[in-house]
Amino acid sequence: MIEVGFGFRVPPGPDRNVVSKQPNRSRWHWLRKRGNVTFVRPAEEIDDRKERFYLAIASVLRWARILGVFPLSNITATDPDAFRFNYFSPYIVLSALSVVGGLFVMLAALIRLNRVGINAMNIAEPIFFAMCTLLNLLFVRLAIVWREFMLFWAQREELFFARPYGAINLRRRVIRLAVWIILSGLVEHVVYVINQAYNVHQESLTCRYNVTHPIKLYGSLTFRSVYQSVPYHHLTTMYLLYTTVSLTFIWTFTDLFLMLIATGISCRFEQLNKRIDANLQNGSEAFWGEMRTHFVGLMELVERTNRIVGPLVIVSCANDMYFLCLQTLNTVEDKPFAINEWYFRYSFTFLIMRTSVKLWFAADVDEKSTRTHKLVQKIRTEHYNDELEILRICSGTGVSISGMGFFNITRKIFLTMAGSILTYELVLLRFHRSSKGVGEDRPCGYID
């Protein structure tokens, strides 16, 4: 037998992906040994697509590429070594369209602000398009290193595919979470379109526009910043609509992606903790040596994840925090129509819910890793040995999802963020009052 990576063994041979023709042997049959402890997992107990993280999350990533997110080819391959980042793939084209469109709208919005002035509300447009475009670029960066990242992840994850660890159906958790978040985001965007169309209709009635081209009216008023700088064209409107949908999706998808990453890690800590909890009376040094090996493997996985996903964490949290402040400020603004009030309520509730769930799932990594130390502390002195002591020391500080080392996401971050939002809200409220009447366009300025 030859040893691969972290204490698990595979049968020797030129290609370990080739399934054996023997009925009771396959690439899913692993023999793991450490000391005098042997674990055997029959092939039929583990379903590849349900348990491996890179295959579970591929079910979501494959559809995100349609909107220009995560332009990676062959994402559904059963072997992460087959993932390819192709600079000339159609997914790169879609991603480039989204990035260029986002930069275009951001620049047009800045030109408009330079002309009419800045207030607390109109500055949100260039910030939104700038932040979401940056998130898209970070996903392109992530797609480039995804193959190596998933090879490393699969190596550490392999430790939990042997007995007595059981199947957890990770794919079902991923799909449920993705469907919930994406459907909620879809409803939010549909309500936004209805709200915007109603606003355009009311403006046309108030200003008594002679509307012969409704699509032109909608495009000109929705993308007012752009069409104040460039002449109107239907193709430009279609492109801007795609850009808006893509970047709005990216904002929601980033939060979902971080939830899925955290779920993939925390579920392994949960498996490890359940096994430790069931063996608190076990004094075998070989057993605790294996537990220490598995815990260190997960620590390395979190460390690698923070290096790769850290920039996404920072931009996502900054973006959510800014718009939480802005929406809180919007609560004191009068809404002219009932549909504006209902859209605001749903949008604000969805933002709070999505941000809270993202932070909760990310903080769960810290909770599960520190629980390992709490379980080890329960073991009686007569069962202590060198391997157990090493595990106790390793698990003492725990590990957590981090924003490039600037902050760690734990349960305490909720209080920290609440305090920060309160502080910035006071600043934003003062700026809003001082800029009253500034940055407003001339009313009824549409010309058919």
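No experiment lies behind these values; they were computed from the predicted model shown.

Description of the overall build of the chain
Within the chain, the regular secondary structure consists of 12 helices and four strands. A burial count over the chain gives 51% of its 448 residues as buried.

A closer look at the UniProt feature "transmembrane region" (unreviewed entry) in the chain
The UniProt record marks residues 91-111, 123-146, 174-194 and 239-265 with the feature "transmembrane region" (unreviewed entry), using the residue numbering of this structure. Segment residues 91-111 splits into 100% helix and 0% strand. End C-alpha atoms: 30 Å apart. With 96% helix and 0% strand, residues 123-146 has its two end C-alpha atoms placed 34 Å apart.

Some details on helix α5 (residues 170-207)
Its 38 residues place the ends of α5 55 Å apart at the C-alpha level, agreeing with the 56 Å of an ideal helix rising 1.5 Å per residue. Of the residues flanking the end of α5, it is Arg208, one or two places downstream, whose phi is positive at about 55°.

With respect to the nonpolar core
In terms of nonpolar packing, the biggest core is built from 108 residues, with Phe70, Trp146, Phe253, Phe257, Ile265 and Leu312 touching the most fellow members. The element that contributes the greatest number of residues to this core is helix α9 (residues 285-330), accounting for 20 residues. Those residues in contact with Leu312 that lie beyond four places of it in its chain are Leu135, Leu138, Phe139, Leu142, Thr254, Phe257 and Leu258. Core analysis: the second largest hydrophobic core is formed by seven residues, Val200, Tyr209, Tyr218 and Tyr446 among them.

Brief notes about the environment of Tyr192
Here Tyr192 is to be found in helix α5. In sequence terms Tyr192 and Ser347 are 155 residues apart; their C-alpha atoms lie 8.5 Å from each other. Among all residues touching Tyr192, those that are not within four sequence positions of it are Thr222 and Tyr343.

Concerning helix α8 (residues 234-277)
End to end, α8 covers 63 Å across 44 residues, agreeing with the expected 64 Å (1.5 Å per residue, within 8%). At Thr252, α8 shows its maximal bend, which comes to roughly 25°. When you tally the buried positions in α8, you get 33 out of 44 residues, the bulk of the element.

Looking at the confidence of the model for the chain
In the predicted model, the chain carries a mean pLDDT of 85, and 90% of its residues have values of at least 70. Note on residues 1-44: pLDDT under 50 across the span, and 83 contacts to partners over four residues away in sequence or across chains.

Focus on a positive patch on the surface
A surface patch of like charges, here positive, comprises Arg49, Lys50, Arg62, Arg171, Arg172 and Arg176. Looking at the positive patch, the elements that each hand over two or more residues are α1 (48-51) and α5. The leading source of residues in the positive patch is α5, at three residues. Relative to the helices and strands, Arg49 resides in helix α1. Arg49 sits in the partly exposed class, given a relative accessible area of 41%.

Concerning the environment of His201
The residue His201 is located in helix α5 in this model. His201 gets classed as partly exposed once you look at its relative accessible area, which sits at 41%. Distance in space between the C-alpha atoms of His201 and Pro214 is 9.3 Å, their sequence separation being 13 residues.

A short note on the pattern of salt bridges
This model, assessed by the stated rule, comprises 20 salt bridges. Arg173 is the partner of Glu270 in a salt bridge, and the nearest nitrogen-oxygen pair spans 3.9 Å. You can see Glu270 sitting in helix α8 and its partner Arg173 sitting in helix α5, a full 97 residues away along the chain. Classification of Arg173 as partly exposed rests on a relative accessible area of 34%. The partner of Glu387 in a salt bridge is Arg292, with the nearest N and O atoms 3.0 Å apart. Within this pair, whereas Glu387 is found in helix α11 (residues 386-394), its partner Arg292 is found in helix α9, the two being separated by 95 residues in sequence. The exposure class of Glu387 is buried, given its relative accessible area of 14%. Three or more residues joined by partner-sharing salt bridges are found here, namely Arg173, Glu270, Lys274, Asp364, Lys368 and Arg411.

Let's talk about the packing of aromatic side chains
Applying the stated criterion across every chain, the model contains 27 aromatic pairs. For the pair Trp146 and Phe257, a centre-to-centre distance of 6.0 Å together with 50° between the ring planes defines the contact as tilted. Here Phe257 lies in helix α8 and Trp146 lies in helix α4 (residues 124-157), a separation of 111 residues in the sequence. An identical accessibility class is assigned to Trp146 and Phe257; each is buried. Considering the side-chain rings of Trp360 and Phe414, the 6.2 Å spacing of their centres and the 55° angle between planes classify their relative orientation as tilted. Residue Trp360 is located in helix α10 (residues 338-377), and its partner Phe414 is located in helix α12 (residues 413-434); the two are separated by 54 residues in the primary sequence.

Criteria and cut-off values
Residues numbered from 1 in each chain as written. Predicted model: local features only at pLDDT ≥ 70, side-chain atom pairs only at ≥ 80, totals over all residues. Heavy atoms only, no water. Helix = DSSP H or I, 4+ residues; strand = E, 2+ residues; numbered from the N terminus. Buried < 20%, exposed > 50% of the residue type's maximum accessible area, 1.4 Å probe, protein only. UniProt positions renumbered as here; feature names shortened; annotations may be inferred. Expected span 1.5 Å × (residues − 1). Core = buried A, V, L, I, M, F, W, Y, C linked by side-chain atoms within 4.5 Å. Contact = heavy atoms within 4.5 Å. Bend = angle between axes of the 7 residues up to and from the residue. pLDDT = per-residue confidence, 0-100. Patch = residues over 30% accessible without salt bridge, like charges linked within 9 Å, V, L, I, M, F, W, Y side chains within 5 Å. Areas by Shrake-Rupley, 256 points an atom, 1.4 Å probe, with all protein chains shown as cover. Salt bridge = Lys/Arg side-chain N within 4 Å of Asp/Glu carboxyl O. Lys, Arg positive; Asp, Glu negative; His and termini not counted. Charge placed at Lys NZ, Arg CZ, Asp CG, Glu CD. Phe/Tyr/Trp six-rings, centres within 6.5 Å; stacked < 30°, edge-to-face > 60°.

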